[in-house]
Amino acid sequence: MVRSYNLCIRCLQGSAPSTTSSTRAPSTTRVSSTARTSTRTSSTTVATATRTFKNPLKATNGSDPYMVYSNGYYYLMTTTWTNLQLSRGKTLAELKASTPKVIWSDSTASRCCNLWAPEIHSISGVWYIYYTAGANGDDGSQRIHVLKASASDLWASTWSYAGRIAFPNKDDWSIDASVLTINGLNYLVYSTQDGGEQCLFIARLTSPTTVGNTSVLSRPKLSWEREEWYVNEGPVALYHGGRTWIVYSASFCWGSGYKLGRLEYIGGDPLSQSSWSKYGQPILTSANGNYQPGHNGFFNTPGGQTWIVFHANSVTPGSCDGNRFTMAQPIGWNTDGTPALSPPAPLSQSIPEPV
């Protein structure tokens, strides 16, 4: 997510409370990259042409990306600061070449500006966008807001303001909302300030725009979560084989330590921190000239592949601004069932289109 260096959290000092999450070492990573192919047959040969694309999908204003696949198209949203924009393509190459469509802007003073981290979620068959916004020049006013679609077709839909998420027991600075589903119930996971740290919190979604009391999910206690500042943010769910993870961004984005970590749900009440296990090492770090990879999403392809979309910087230390670009690549699964993420691929690399 974007952070302003004027935020009061950046100057808070003092020791932080101890964590209750357990830690686990990650498994060795490997990635499946099944290519989409088209075939052409003659009487003597079968020629196979593999369609590919190259990152970045979005070269500027590519921060905090989120993608879904719907009705034959890949859809992408990113932080564009002044409004909400939607891009689409039948392939990732087509998506990359597309012109974004502005789907929302707002003149209401309390939510006019600093529009961050939009995510598209389907709840009971209706599309919603969860995003962060606040007042002009006041990052401390950032709150989570919700839009509702008029139709099942994302591109043709018009969007209406559905409401602000107000947490009954902690209604303050809140960003980076995402929807998590466990045992058929929906939860909102997000980032907020607590005890001099930026932490992950979780609340039960009682409707697409209302929540119950919120509670702490993760505090930045590991050394790699505390570079330049103590940060957990950008949580997003990942599901596979009956297991549920939350992948999140750690450390301060204005620096060199931004990366991805993960929690796994181990049973019990999802609102309890003890129901989650934190892995002891990050799952995605800088590589191949792509620095500070973070604030990701996951999307599923028509053929059942799982892909990750994330942003990165071309320099280090990096920045929390529009210079960040959007990358996408497939993920795989280790033999123990945990997710396997490859390092960010070089921008010169041709990547087979999803299937």
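Residues numbered from 1 in each chain as written. Predicted model: local features only at pLDDT ≥ 70, side-chain atom pairs only at ≥ 80, totals over all residues. Heavy atoms only, no water.

Turning to the overall build of the protein chain, a few remarks are in order. The number of helices and strands found in the protein chain is one helix and 26 strands. In the protein chain, of all internal contacts separated by at least 6 residues, the share reaching a separation of at least 24 is 56%. A total accessible area of about 13500 Å² is found for the protein chain, and carbon and sulfur atoms account for 49% of it. (Helix = DSSP H or I, 4+ residues; strand = E, 2+ residues; numbered from the N terminus. Contact = heavy atoms within 4.5 Å. Areas by Shrake-Rupley, 256 points an atom, 1.4 Å probe, with all protein chains shown as cover.)

Following the criterion strictly, the structure yields two disulfides and no others. Residue pairing for cysteine 112: its cysteine sulfur links by disulfide to cysteine 113, the two sulfurs lying 2.4 Å apart. The S-S bond linking cysteine 112 to cysteine 113 shows a torsion near -90 degrees; that makes this disulfide left-handed. Here cysteine 112 matches cysteine 113 in class, with each residue buried. Bridging cysteine 253 to cysteine 320, the disulfide has an S-S length of 1.8 Å. With the S-S dihedral at roughly 115 degrees, the linkage between cysteine 253 and cysteine 320 falls on the right-handed side. Linking cysteine 253 in the loop between strand E18 (243-250) and strand E19 (259-265) with cysteine 320 in the loop between strand E22 (306-313) and strand E23 (325-330), this pair joins segments that are 67 residues apart in sequence. Judged on exposure class, the residue cysteine 253 and its partner cysteine 320 are both buried. (Disulfide = S-S within 2.5 Å. Buried < 20%, exposed > 50% of the residue type's maximum accessible area, 1.4 Å probe, protein only.)

Here we come to the layout of surface pockets. Estimated volume of the largest pocket: approximately 490 Å³. For the lining of the largest pocket, the secondary structure elements donating two or more residues are strand E5 (63-70), strand E9 (113-123), strand E13 (174-182), strand E17 (232-240) and strand E21 (291-300). Looking at the lining of the largest pocket, its residues break down into 13 nonpolar, seven polar and no charged. (1 Å grid on protein atoms, 1.4 Å probe; cavity = no way out; pocket = protein on both sides within 12 Å on 5 of 7 lines; lining within 4 Å. Points joined across faces, edges and corners; volume = space filled by probe spheres on them. Nonpolar A, V, L, I, M, F, W, Y, C, P; charged D, E, K, R; others polar.)

This part covers the pairing of strand E7 (residues 84-89). Among the six residues of E7, five are classified as buried, and the element is accordingly described as predominantly covered. The pairing of strand E6 (residues 73-79) with E7 spans three bridges and is antiparallel. Within the sheet, the bridge partner assigned to leucine 76 lies in E7 and is serine 87. Adjacent in sequence and paired antiparallel, E6 and E7 are bridged by four residues, among which tryptophan 81 carries a positive phi angle near 75 degrees. Bridge analysis of E7 against strand E8 (residues 101-104) gives three bridges, and the strand direction is antiparallel. Counterpart to leucine 86 in the pairing with E8 is lysine 101. (Pairing = 2+ DSSP bridges.)

Enumeration over the complete set of coordinates arrives at eleven salt bridges. Residues joined by salt bridges that share partners form a network here, namely Lys170, Asp172, Asp194, Glu197, Arg219, Lys221 and Arg226. (Salt bridge = Lys/Arg side-chain N within 4 Å of Asp/Glu carboxyl O.)

Taken over all residues, the pLDDT of the protein chain has a mean of 89, while the share at 70 or more is 86%. Note that pLDDT drops below 50 for residues 2-48; the model gives that stretch 123 contacts with residues more than four away or on any other chain. (pLDDT = per-residue confidence, 0-100.)

What follows concerns the sheet that holds strand E11 (residues 138-149). For sheets, the rule is that strands pair by backbone hydrogen bonds, running either parallel or antiparallel. Sheet architecture is open: four strands sit in the order E9-E10-E11-E12, paired in antiparallel fashion. Whereas interior strands pair on both sides, the edge strands pair on one side only; in this sheet they are E9 and strand E12 (159-164). Strand-to-strand twist across the sheet, computed as the mean angle between neighbouring axes with direction ignored, equals 30 degrees. One ladder, built from seven bridges, connects strand E10 (residues 126-135) with E11; its direction is antiparallel. Across the sheet, tyrosine 131 pairs through a bridge with histidine 145, a residue of E11. (Axes fitted to C-alpha atoms, helices over the stretch in contact; angles between N-to-C directions.)

This part takes up the side chain of glutamate 225. Following the sequence through the fold, glutamate 225 ends up in the loop between strand E16 (210-218) and E17. With relative accessibility at 0%, the residue glutamate 225 sits in the buried group. A distance of 2.9 Å separates a polar atom in the side chain of glutamate 225 from a polar atom in the side chain of lysine 278. Each residue touching glutamate 225, except ones within four places of it in the same chain, is listed here: Ser218, Arg219, Pro220, Tyr230, Val231, Asn232, Tyr248, Ala250, Ser251 and Lys278. (Polar contact = N/O pair within 3.5 Å; in protein donor to acceptor, adjacent residues only side chain to side chain.)

A separate point is the packing of aromatic side chains. Two aromatic rings are characterised by how far apart their centres lie and by the angle between their planes. Using the criterion set out here, one finds ten aromatic pairs in the structure. Taken together, a centroid distance of 6.2 Å and an interplanar angle of 55 degrees make the contact between tyrosine 73 and tyrosine 75 tilted. Given a relative accessible area of 18%, tyrosine 73 falls into the buried group. For tyrosine 75, a relative accessible area of 2% puts it in the buried group. Centroid distance tyrosine 190 to phenylalanine 201: 6.3 Å. Interplanar angle 45 degrees. Geometry classified as tilted. Remark: phenylalanine 201 occurs in strand E15 (residues 197-207) and tyrosine 190 occurs in strand E14 (residues 185-194); sequence separation between them is eleven residues. With respect to burial, tyrosine 190 and phenylalanine 201 carry one shared label: buried. Members of the aromatic cluster, each reached through a chain of ring pairs, are Phe53, Tyr69, Tyr74, Phe299 and Trp307. The ring of tyrosine 73 carries arginine 88 above its face, with NZ or CZ at 3.9 Å from the centroid. (Phe/Tyr/Trp six-rings, centres within 6.5 Å; stacked < 30°, edge-to-face > 60°. Lys NZ or Arg CZ within 6 Å of the ring centre and 35° of its normal.)

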